[in-house]
2 protein chains.
Amino acid sequence: MNRIRRHEKLEKINLSEKFGKLPNGDYAVGLIAKMSDYDFKIVKFKGDFVRHSHSGTDEMFIILEGALAMNFRDQEVEVHAGEMIVIPKGVEHKPSSIDGYKALLIEPEGVPNTR
Amino acid sequence: MNRIRRHEKLEKINLSEKFGKLPNGDYAVGLIAKMSDYDFKIVKFKGDFVRHSHSGTDEMFIILEGALAMNFRDQEVEVHAGEMIVIPKGVEHKPSSIDGYKALLIEPEGVPNTR
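Scoring rules and cut-offs
- Residues numbered from 1 in each chain as written.
- Chains lettered and ligands numbered in written order.
- Predicted model: local features only at pLDDT ≥ 70, side-chain atom pairs only at ≥ 80, totals over all residues.
- Helix = DSSP H or I, 4+ residues; strand = E, 2+ residues; numbered from the N terminus.
- Buried ≥ 20, exposed ≤ 12 C-beta atoms within 10 Å, placed from the backbone.
- pLDDT = per-residue confidence, 0-100.
- Contact = placed C-beta atoms within 7 Å.
- Least-squares fit on C-alpha atoms with pLDDT ≥ 70 in both.
- Core = buried A, V, L, I, M, F, W, Y, C linked by C-beta atoms within 7 Å.
- Pairing = 2+ DSSP bridges.

(A) View of the overall build of chain A. The number of helices and strands found in chain A is one helix and seven strands. Its helices and strands in sequence order give chain A the pattern β-α-β-β-β-β-β-β, from N to C terminus. The burial tally for chain A puts 27% of its 115 residues in the buried class.

(B) Highlighting the confidence of the model for chain A. Residues and elements named next belong to chain A. Averaged over all residues, the pLDDT of chain A is 88; the fraction at 70 or higher stands at 90%. Note on residues 1-8: pLDDT is under 50 here. Beyond four places in sequence and across chains, it has six contacts. Taken over the whole predicted complex, pTM reads 0.86, whereas the ipTM for its chain interfaces reads 0.85.

(C) Local environment of the relation of the copies chain A and chain B. Of the transformation superimposing chain A on chain B, the axial component is 0.0 Å and the angular component is 180 degrees, with the fit at an RMSD of 0.0 Å. Within this description, the copies of the chain are treated as partners about a two-fold rotation axis. Looking at the interface residues of chain A, 100% of them are also at the interface in chain B, so both copies use one shared face.

(D) Inspection of the nonpolar core at higher detail. Core analysis: the largest hydrophobic core is formed by 48 residues, its most contacted members being Phe61, Ile63 and Ala103 of chain A together with Phe61, Ile63 and Ala103 of chain B. Not counting residues up to four positions away in its chain, the partners in contact with Ile63 of chain A are Leu68, Val79, His80, Ala81, Glu83, Met84, Tyr101 and Ala103 of chain A.

(E) A look at the pairing of strand E5 (residues 76-80) of chain A. Residues and elements named next belong to chain A. Pairing of strand E4 (residues 59-71) with E5, which is carried by five bridges, proceeds in the antiparallel orientation. The residue bridging Leu68 from the neighbouring strand is Val79, located in E5. Between the end of E4 and the start of E5, which pair antiparallel, lie four residues.

(F) Region of interest: the interface of chain A and chain B. On the side of chain B, 30 residues touch chain A, which itself brings 30 residues to the contact. Broken down by secondary-structure element, the contributors of at least two residues to the side of chain A that touches chain B are strand E1 (13-14), helix H1 (15-20), strand E2 (27-35), E5 and strand E6 (83-87) of chain A. For the side of chain A that touches chain B, the leading source of residues is E6 of chain A, giving four residues.

(G) Focus on the pairing of strand E3 (residues 38-48) of chain A. Residue and element names in this part refer to chain A. Relative to E3, E2 runs antiparallel, the two sharing eight bridges. Bridge pairing in E3 links Ala28 to Lys44. Taken together, E2 and the strand that follows it, E3, pair antiparallel across an intervening segment of two residues, in which Ser36 is found at a positive phi of about 50 degrees. For E3 and strand E7 (residues 94-108), the ladder comprises 10 bridges, and the chain directions are antiparallel. Note that in E7 the partner of Ile42 across the bridge is Leu104.

(H) Examining the environment of Arg51 of chain A more closely. Residue and element names in this part refer to chain A. Counting through the fold element by element, Arg51 comes out in the loop between E3 and E4. Residue class for Arg51 comes out exposed when judged on the 12 C-beta atoms lying within 10 Å of it. Sequence separation between Arg51 and Gly20 is 31 residues, and the spatial gap between their C-alpha atoms is 28 Å. Apart from residues lying up to four places away in sequence, Arg51 is in contact with Glu92 and Lys94.

Below, the structure is given as structure tokens:
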């Protein structure tokens, strides 16, 4: 293989490899890519997250492994691997997962993922 | 199950189900979600696409099944299921796949996916 790689941005991103670099524990988030002004983050989580909302932006969850229950004020939606959900801006949500999940998160840059 | 579903936007999206609704053939694109001003599209493709570029925007490919060779002017990057690649705006690229691939495409709304 004698490929010329002048543009570092043209490297592909392997999701398993990126998850392997996250710290141990039930919760971790890692920034893996940027596209225009959007951040692509990987997240692993097990347990009950805090109920929160993002006032300025929608947030996309693409579930890669496991499953979570996304609790809204008046409903709960179970989201499994191979499924995705858009959390509209301003909508309170609380992700919970007994056995844990891994997901790809997409949101504008600068949104904090505080617990 | 007696869940209240007042907000249709809070429905989850199942990727396999969405792929099942695409027309038969080697190439099809379907819009499955919107987040702020970005489109989330599913695409299936087998063969040689045309070399093209998008002058105004980056484009994200997340490969869900199969593999493709992304041909740039001075390099080729093979991208497999579980991997993703950002095509920077203005960069010419030609996706090719002998056995076909399925992917999630993310780009600003209004970008044409012409062949």
